[in-house]
Amino acid sequence: MAAALLLMCLGLWISNPDFLGQSNVINLLRQISMLGIFAIGAGFVIIAGGIDLSIGSVIGLTGVLIAKVSSEAAGGLGLSLWVGIPAAIAAAIGVGWLQGLLITRLKLQPFIVTLGGMLLVRGVSQTIVRGGTLSFGSHPLLKLASGGVGQMHGDPVLPYPFLIFAGVAALATYLLHFSVFGRYVYAIGGNREAAEYSGIPVKKVETLTYVICAGLGGVAGVCYAAYIGQMSQQVGIAYELYAIAAVVLGGCSLRGGEGTIFGIVIGSAIMRVIDNGINLFQLPYVDAAGVHRIWRLDSNWTFIIVGTVILAAVILDQLAHLVQARHRIRQARPRARA
């Protein structure tokens, strides 16, 4: 996937040199970072063998709550960000905790629970904004998206969303790959029953994966609120599909038990490069009349291309498992004969 990402970037740069232009690179870095933050959260759930369809709605709810509590524009309460952001992230964590309890304690299907959570949370957002929008106006929060470390021709060298993403990725890497909790997550995703017999606190660990997912959705929601500048119930729709696609492209199996944070980062980058490439890709040609023209991708193809990528990733994942299963069977036969 890393090689595929590099080839995609090379092809887009050859097609349109503006792809590596400063403004496009900085904006692409922001987009990758914001997707990567909540994709990492979704990765914890998927590696543990679950699924979370509510992450997009959680992102939208976080932004709506911040706008409602801290915006000084019409409809906002005008309170400090030190009140708005913690309250919004606490609400996001609460959603993850409740969903985790329903899944682990009542043994409900994650798909159904998070599907219901997706609709319920989006309904709450719609109720808060009353079907309209809540604007941040010129609120200081907007600097979170536009600002960063260092300046080059008016653009930040390292945008704040990227720094947040780097911190989240570093912490998640330690938690998933270098801690006991991470070993438990892989064990549960690999074989839940075996994990229970091994003495692993399966219910507690599973619940924590949903809390982590929702919490990172809340962090991403703060970044999106700053980036968009106004919130409505439409923000966050289909974001869960992008998260799942990024996780699967990054090498995480939907069966659970497999995946890495580095892979999720690569998968997030691929998804956003695809989006960016649909807008920038161009192919010069000469028509029948000898006139030089430029062919561009239709922006209406976005979901067609994204859907195709998701299906291709799932098919490749299935083929890889079939090949591995056959390889294990072939290796086991000589041992059985011996």
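Note that this is a predicted model, so its numbers are computed, not measured. (Residues numbered from 1 in each chain as written. Predicted model: local features only at pLDDT ≥ 70, side-chain atom pairs only at ≥ 80, totals over all residues. Heavy atoms only, no water.)

**Structural notes on the packing of aromatic side chains**
- Across all of its chains, the model carries 3 aromatic pairs by this definition.
- On the numbers, 6.1 Å between centres and 15° between planes, the contact of Phe38 with Tyr239 is stacked. A residue pair is termed long-range when its members are at least 10 positions apart, and Phe38 in helix H2 (residues 22-47) and Tyr239 in helix H11 (residues 239-249) qualify at 201 residues. Considered together, Phe38 and Tyr239 belong to a single accessibility category, that of buried residues.
- Ring centres of Tyr224 and Tyr239 lie 5.1 Å apart, and the angle between their planes is 45°; this geometry places the pair in the tilted category. Of the two residues, Tyr224 is situated in helix H10 (residues 202-228) and Tyr239 in helix H11; the sequence distance between them amounts to 15 residues.
- Take Tyr239: its relative accessible area is 18%, and that puts it in the buried class.
- Linked through ring pairs, Phe38, Tyr224 and Tyr239 together constitute an aromatic cluster.
- Over the aromatic face of Tyr242 sits the side chain of Arg272, whose NZ or CZ is 5.1 Å from the ring centroid. (Phe/Tyr/Trp six-rings, centres within 6.5 Å; stacked < 30°, edge-to-face > 60°. Helix = DSSP H or I, 4+ residues; strand = E, 2+ residues; numbered from the N terminus. Buried < 20%, exposed > 50% of the residue type's maximum accessible area, 1.4 Å probe, protein only. Lys NZ or Arg CZ within 6 Å of the ring centre and 35° of its normal.)

**Some words on the nonpolar core**
- Formed by 84 residues in total, the largest nonpolar core has its most connected members in Phe38, Ile40, Ile261 and Met271.
- Per-element tally for this core: the top contributor is H2, with 13 residues.
- For Ile261, the contacting residues outside a window of four places in its chain are Ile40, Phe44, Ala169, Ala172, Thr173, Leu176 and His177. (Core = buried A, V, L, I, M, F, W, Y, C linked by side-chain atoms within 4.5 Å. Contact = heavy atoms within 4.5 Å.)

**Thoughts on the pairing of strand E5 (residues 282-286)**
- Two strands pair when backbone bridges link them, and E5 and strand E6 (residues 292-296) are joined in this way by 5 bridges, in the antiparallel orientation. Bridge assignment links Val286 to a residue of E6, and that residue is His292.
- The antiparallel pairing of E5 with E6 creates a hairpin that spans 5 residues between the two strands, and Gly290 there sits at a positive phi of about 80°. (Pairing = 2+ DSSP bridges.)

**A closer look at the pattern of salt bridges**
- Counted according to the given criterion, the structure contains 3 salt bridges.
- The closest approach of N and O atoms between Glu196 and Arg192, which form a salt bridge, is 3.6 Å. Of this pair, Glu196 and Arg192 both sit in helix H9 (residues 192-197), 4 residues apart, which is roughly one turn of the helix.
- A relative accessible area of 41% means that Glu196 is categorised as partly exposed.
- Assessed through its relative accessible area of 30%, Arg192 is described here as partly exposed. (Salt bridge = Lys/Arg side-chain N within 4 Å of Asp/Glu carboxyl O.)

**Concerning helix H7 (residues 160-177)**
- Given a rise of 1.5 Å per residue, 18 residues ought to cover 26 Å, and the 25 Å separating the end C-alpha atoms of H7 matches this to within 8%.
- Looking only at H7, the buried set comprises Pro161, Phe165, Val168, Ala169, Ala172 and Leu176. Seen from one end, H7 has its buried residues packed into an arc of 105°, which puts them on one side. (Expected span 1.5 Å × (residues − 1). Arc of directions from axis to C-beta.)

**Considerations on the side chain of Ser57**
- Locating Ser57 in the fold gives a position in helix H3 (residues 55-70).
- Reaching out from Ser57, the side chain makes a polar contact with the side chain of Arg122 at a distance of 3.2 Å.
- For Ser57, the contacting residues outside a window of four places in its chain are Met118, Val121, Arg122, Ser125 and Gly236. (Polar contact = N/O pair within 3.5 Å; in protein donor to acceptor, adjacent residues only side chain to side chain.)

**Topic: helix H5 (residues 110-129)**
- Given a rise of 1.5 Å per residue, 20 residues ought to cover 28 Å, and the 28 Å separating the end C-alpha atoms of H5 matches this to within 8%.
- Within the sequence span of H5, burial applies to Pro110, Val113, Thr114, Gly117, Met118, Val121, Arg122, Ser125 and Val129. One side of H5 holds all its buried residues, which, seen down the axis, span an arc of 155°. Of the residues in H5, the exposed ones pointing more than 90 degrees away from the buried face are Ile112, Leu119, Leu120 and Thr127.
- Buried residues along H5 sit against H3, helix H4 (81-105), strand E1 (134-135), H10, strand E4 (230-231) and H11.
- Two residues or fewer past H5, Arg130 is found with a positive phi of approximately 55°.

**A short note on the pairing of strand E3 (residues 155-159)**
- Relative to E3, strand E2 (residues 148-152) runs antiparallel, the two sharing 4 bridges. Each residue of the ladder has a partner; that of Val149, found in E3, is Leu158.
- Where E2 folds back onto E3 in an antiparallel hairpin, the turn is made up of 2 residues, including His153, whose phi is positive at roughly 55°.

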